[in-house]
Amino acid sequence: MWIMYATGSAFFAGITSVLAKCGISKTDSDVATAIRTIVVLVFSWILVLLTRTISGITVISGKTLLFLVLSGIATGASWLCYFKALQNGDVNKVVPIDKSSTILTILLALNFL
């Protein structure tokens with residue numbers, strides 16, 4: 001089942017780049033990132049409510065919460081940089097550099113996990 005989710009992730013990441021480039025053509029990339037973040041926030045909470053998994057909040061440990069907060073900060077920084085790069089560069093040049101994060105992820109996972 002995870003392979004289907006991973007494939008979906010790759011597909012949606014691909015169309016995200018094209019849609020984002022279209023969406024930031026006439027607006028500031030920081031404003032565009034804020035709008036995107038609101039959409040993700042609302043969509044995520046709707047999913048939590050529809051799947052009735054909201055009770056999972058009560059069992060999150062402090063350490064888990066810390067890592068989720070740090071991950072959220074890293075995600076926000078990544079999105080801000082990504083949208084700024086898309087606004088100023090060609091999508092076909094920005095995306096391959098962004099996807100080099102796969103190599104960084106592998107190296108970090110080998111060192112820390």
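One can find the structure itself at the top, above this paragraph.
Counting of residues starts from 1 at the beginning of each chain's written sequence and follows it residue by residue. Owing to the predicted nature of the model, reporting of local features is limited to residues with pLDDT of at least 70; listing and counting of side-chain atom pairs is limited to 80 or more, with chain, interface and lining totals taken over all residues. Heavy atoms throughout the structure, all of them, feed into the side-chain values; hydrogens and water do not.

## Quick word on the packing of aromatic side chains
Each Phe, Tyr or Trp ring (for Trp, its six-membered ring) is paired with any other whose centre lies within 6.5 Å, and the angle between the two planes then decides the class: stacked below 30 degrees, edge-to-face above 60, tilted in between. Within the structure shown, the criterion is met by two aromatic pairs. A centroid spacing of 5.2 Å and a plane angle of 70° characterise the contact between Phe11 and Phe12, whose relative ring orientation is edge-to-face. Taking the centre distance of 6.3 Å and the plane angle of 55° together, the rings of Tyr82 and Phe83 count as tilted. We call a residue buried when its accessible area falls under 20% of the maximum for its residue type, exposed when it is over 50%, and partly exposed in between, using a 1.4 Å probe and counting protein chains only. We classify Tyr82 as buried; its relative accessible area is 9%. In our convention, an over-ring charge means Lys NZ or Arg CZ found within 6 Å of a ring centre and within 35 degrees of that ring's normal. The ring of Trp79 carries the charged tip of Arg36 above its face, separated from the ring centre by 4.4 Å.

## Description of the pattern of salt bridges
Here, a salt bridge means any side-chain nitrogen of Lys or Arg that lies within 4 Å of a carboxyl oxygen of Asp or Glu. In total, this model carries two salt bridges according to the counting rule given. Where Lys93 meets Asp90, a salt bridge forms, and the shortest distance between an N and an O atom there is 3.7 Å. Note on Lys93: relative accessible area 54%, which makes it exposed. With relative accessibility at 42%, the residue Asp90 sits in the partly exposed group.

## Comments concerning the environment of Thr27
Secondary structure elements are defined from DSSP: runs of H or I of at least 4 residues count as helices, runs of E of at least 2 residues count as strands, and each element is numbered from the N terminus. With respect to the helices and strands, the residue Thr27 is situated in the loop between α1 (2–23) and α2 (29–50). Given a relative accessible area of 29%, Thr27 falls into the partly exposed group. Separated by 13 residues in sequence, Thr27 and Val40 have C-alpha atoms that sit 19 Å apart. Other than its neighbours up to four places away in sequence, Thr27 contacts Ala32 and Gln87. Here, residues are in contact when the closest pair of their heavy atoms is within 4.5 Å.

## Observations regarding the nonpolar core
Grouped together as the largest cluster of nonpolar side chains are seven residues: Ala20, Ile24, Ala32, Tyr82, Phe83, Leu86 and Val94. With three residues, the single largest contributor to this core is helix α3 (residues 62–88). Apart from the residues lying within four places of it in its own chain, the contact partners of Tyr82 are Ser17, Arg36, Val94, Val95 and Asp98. In this text, buried Ala, Val, Leu, Ile, Met, Phe, Trp, Tyr and Cys residues form a nonpolar core when linked through side-chain atoms within 4.5 Å.

## A look at the environment of Ser29
The residue Ser29 is located in helix α2 in this model. With a relative accessible area of 0%, Ser29 lands in the buried category. Sequence separation between Ser29 and Phe83 is 54 residues; the distance between their C-alpha atoms is 5.4 Å. Ser29 has contacts with Phe83, Lys84 and Gln87, leaving out every residue within four places of it along the chain.

## Focus: the packing of α2 against α3
At a closest axis distance of 9 Å, the pairing of α2 and α3 adopts a crossing angle of 130°. Classed by the angle they form, the pair α2 and α3 counts as oblique. The hand of the α2/α3 crossing is right-handed. In contact with Ser29, Asp30, Ala32, Thr33, Arg36, Thr37 and Val40 of α2, α3 contributes Trp79, Leu80, Tyr82, Phe83, Lys84 and Gln87. Here the residues of the contact of α2 with α3 are counted per class, giving six nonpolar, four polar and three charged. Axis geometry follows a simple rule: fit a line to the C-alpha atoms, using only the stretch in contact for helices, then measure angles between N-to-C directions, giving values from 0 to 180 degrees. Our angle categories are set so that under 35 degrees counts as roughly parallel, over 145 as roughly antiparallel, 65 to 115 as roughly perpendicular, and the remainder as oblique. For any pair of crossing helices, the crossing counts as left-handed if the nearer helix is rotated counterclockwise from the farther one by less than a right angle, and right-handed if it is rotated clockwise. Residue polarity follows a fixed list, in which Ala, Val, Leu, Ile, Met, Phe, Trp, Tyr, Cys and Pro are nonpolar, Asp, Glu, Lys and Arg are charged, and the others, Gly among them, are polar.

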